[in-house]
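# Structural features, examined
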Amino acid sequence: EAELLESGGGIVEPGGPLRISCEATGFTFSSHGMIWVRQAPGKGLEWVAAVTGSGSRTYYADSVKGRFAISRDNSKNTLFLQMSSLRVEDTATYYCARQIGGNFYGMDVWGQGTTVTVSS
Amino acid sequence: DIVMTQSPLSLPVTPGEPASLSCRSSQSLLHSNGYNYLDWYIQRPGQSPQLLIYLGSHRASGVPDRFSGSGSGTDFTLTISRVEAEDVGVYYCMQALQTPPAFGPGTKVEIK
């Protein structure tokens, strides 16, 4: 069974860095594009970033471009999100998800989420 | 950027009755390949989102056939033929045609 498990969330001060991870099991990781989606407390879903299966191409929401970097290590079946210059408004639960196919559609496997709190 | 809207934002439903949720995009989601790049997700209380429908009308693996997606271009509908208690939650549509993908604000479905 395909599963995703996020880790690395926590409390960080504004302006600080944090890296969160997502370990994949039960499927051929390198065959799927991967996505990060976040959800601020009590709010809706926001698409954050995506990476192709090979890791050669990345895509970002305007709200995080230049501050966040998505990457993957296919040898370790792990997806990363390196966050820097964190802002209070980045406080959210961050979910990783697997894409069925290209063009970002069909996120068919989701993790349970990891919580990032940006606060002084 | 493509902007997504949903209506209604809140939908009280009666178990056993049908329900219809609407989603609209600010630009056509119809690709030249003939597919509409529109997904539907449900987020049940306290849970991660779950894919229901992708490419406008394709039901995801394991999703009950009481869920169906329809529409093309800028107007889409998620229909639940007979609502069950487990269908409560927030339903999001998402456009996947252009970067950045965008979710709608969600429709909260609750039992009357």
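See the structure printed just above.
We now turn to the structure provided with this report. Owing to the predicted nature of the structure, the values given are computational and were not obtained by experimental measurement. (Residues numbered from 1 in each chain as written. Chains lettered and ligands numbered in written order. Predicted model: local features only at pLDDT ≥ 70, side-chain atom pairs only at ≥ 80, totals over all residues. Heavy atoms only, no water.)

## A look at the overall build of chain A
What counts, and what does not: Numbering of helices and strands runs from the N terminus; a helix is a DSSP stretch of H or I covering at least four residues, while a strand is a stretch of E covering at least two. C-alpha atoms define the radius of gyration, and 2.2 Å times the number of residues to the power 0.38 defines the globule rule. Partly exposed describes any residue whose relative accessible area lies between the buried limit of under 20% and the exposed limit of over 50%, with all areas from a 1.4 Å probe on protein chains only and scaled to the type maximum. Between two residues, a contact is recorded if the distance between any of their heavy atoms is within 4.5 Å. With residues, only the protein chains shown are counted as cover, and all accessible areas are computed by Shrake-Rupley using a 1.4 Å probe. Charge assignment in this entry is limited to Lys and Arg as positive and Asp and Glu as negative, and neither His nor the chain termini are counted. Here the site of a charge means atom NZ of a Lys, CZ of an Arg, CG of an Asp or CD of a Glu.
Each helix and strand counted, chain A has zero helices and eleven strands in total. Secondary structure elements of chain A, listed N to C terminal, follow the sequence β-β-β-β-β-β-β-β-β-β-β. Its C-alpha radius of gyration of 13 Å places chain A within 12% of the 14 Å reference for a compact globule of 120 residues. For the C-alpha atoms alone, the extent of chain A along its principal axes is close to 40 × 25 × 25 Å. Across the 120 residues in chain A, those meeting the buried criterion constitute 51%. Of the contacts formed within chain A by residues at least 6 apart in sequence, a portion of 54% connects residues at least 24 apart. Accessible surface computed for chain A: about 5300 Å², of which carbon and sulfur atoms make up 45%. Across chain A, the mean location of the 10 positive side-chain charges is 7 Å away from that of the 11 negative side-chain charges.

## Some thoughts on the layout of surface pockets
Left-over empty space is what a probe sized like a water molecule reveals as it rolls over the atoms. What counts is decided by this rule: Here a cavity means grid points, on a 1 Å grid over the protein atoms only, where a 1.4 Å probe fits yet cannot get out; a pocket means an open set of points with protein on both sides within 12 Å along at least five of seven lines; lining residues are those with an atom within 4 Å of a point. Grid points are joined across faces, edges and corners, and a volume is the space filled by probe spheres set on the points. All residues other than Ala, Val, Leu, Ile, Met, Phe, Trp, Tyr, Cys, Pro, Asp, Glu, Lys and Arg, Gly among them, are scored as polar; the first ten of these are nonpolar and the last four charged.
By volume, the largest pocket amounts to about 310 Å³. Residue lining of the largest pocket: 18 residues in total, with Leu45, Glu46, Trp47 and Ala61 of chain A together with Pro101 of chain B positioned closest to the centre. Listing elements by their share of the lining of the largest pocket, those giving two or more residues are strand 4 (34-39) and strand 5 (45-51) of chain A together with strand 10 (102-103) of chain B. Of all the elements, strand 5 of chain A adds the most residues to the lining of the largest pocket, at three residues. Here the lining of the largest pocket is composed, by residue class, of nine nonpolar, three polar and six charged. Taken as a whole, the second largest pocket spans an internal volume of roughly 230 Å³. Taken together, Glu1, Ala2, Glu3, Asp108, Val109 and Trp110 of chain A together with Gln47, Ser48, Pro49 and Gln50 of chain B form the lining of the second largest pocket. With three residues, the top contributor of residues to the lining of the second largest pocket is strand 10 (residues 107-110) of chain A. Of the residues contributing to the lining of the second largest pocket, the split by class is four nonpolar, three polar and three charged.

## Here we look at the state of the cysteines
Basically, it comes down to this: Cysteine sulfur atoms are paired as a disulfide whenever they come within 2.5 Å of each other.
Taken as a whole and assessed by the stated rule, the structure comprises two disulfides over all chains. Residue Cys22 of chain A pairs covalently with Cys96 of chain A via a disulfide, S to S 2.0 Å. Taking the torsion about the sulfur-sulfur bond, which here is approximately 60°, the covalent link between Cys22 of chain A and Cys96 of chain A counts as right-handed. Of the two residues, Cys22 of chain A sits in strand 3 (residues 18-25) while Cys96 of chain A sits in strand 9 (residues 92-99), which places them 74 residues apart along the sequence. We note that Cys22 of chain A, like Cys96 of chain A, is buried. Here Cys23 of chain B is linked by a disulfide to Cys93 of chain B, with a sulfur-sulfur distance of 2.1 Å. Linking Cys23 of chain B and Cys93 of chain B, the disulfide has an S-S dihedral of approximately 80° and is accordingly described as right-handed.

## As for the interface of chain A and chain B
Stated precisely, the cut-off is as follows: A simple way to read buried area is as the amount of 1.4 Å-probe accessible surface that goes missing from two parts once joined, with both sides added. One speaks of a salt bridge when a side-chain nitrogen belonging to Lys or Arg is within 4 Å of a carboxyl oxygen belonging to Asp or Glu. Identification of polar contacts relies on pairs of N or O atoms within 3.5 Å, with a donor-acceptor requirement for protein atoms, meaning one able to donate a hydrogen and the other able to accept it, and with residues adjacent in sequence counted only if both atoms are side-chain atoms.
With 21 residues of chain A at the contact, the number on the chain B side is 19 residues. When chain A packs against chain B, the two sides together hide about 1600 Å² of surface, and 66% of this comes from carbon and sulfur. Counting the surface chain A buries against chain B, the share from its top three residues, Leu45, Trp47 and Tyr105 of chain A, is 34%. Where chain A meets chain B, there are zero salt bridges. Along the contact surface separating chain A from chain B lie five residue pairs in polar contact (both at pLDDT 80 or more). Mapped onto the side of chain A that touches chain B, the elements with two or more residues apiece are strand 4, strand 5 and strand 10 of chain A. Within the side of chain A that touches chain B, the residues separate by chemical class into eleven nonpolar, six polar and four charged.

## Digging into the side chain of Gln6 of chain B
Residue and element names in this part refer to chain B. Along the chain, Gln6 turns up in strand 1 (residues 4-7). Gln6 sits in the buried class, given a relative accessible area of 7%. Within the structure, Gln6 has its side chain in polar contact with the backbone oxygen of Tyr91 (distance 2.9 Å). Within the local environment of Gln6, its side chain forms a polar contact with the backbone nitrogen of Gly106, the two atoms lying 2.9 Å apart. Once you skip the residues sitting within four places of it in the chain, Gln6 turns out to touch Ser22, Cys23, Trp40, Tyr91, Tyr92, Cys93, Gly104, Pro105, Gly106 and Thr107.

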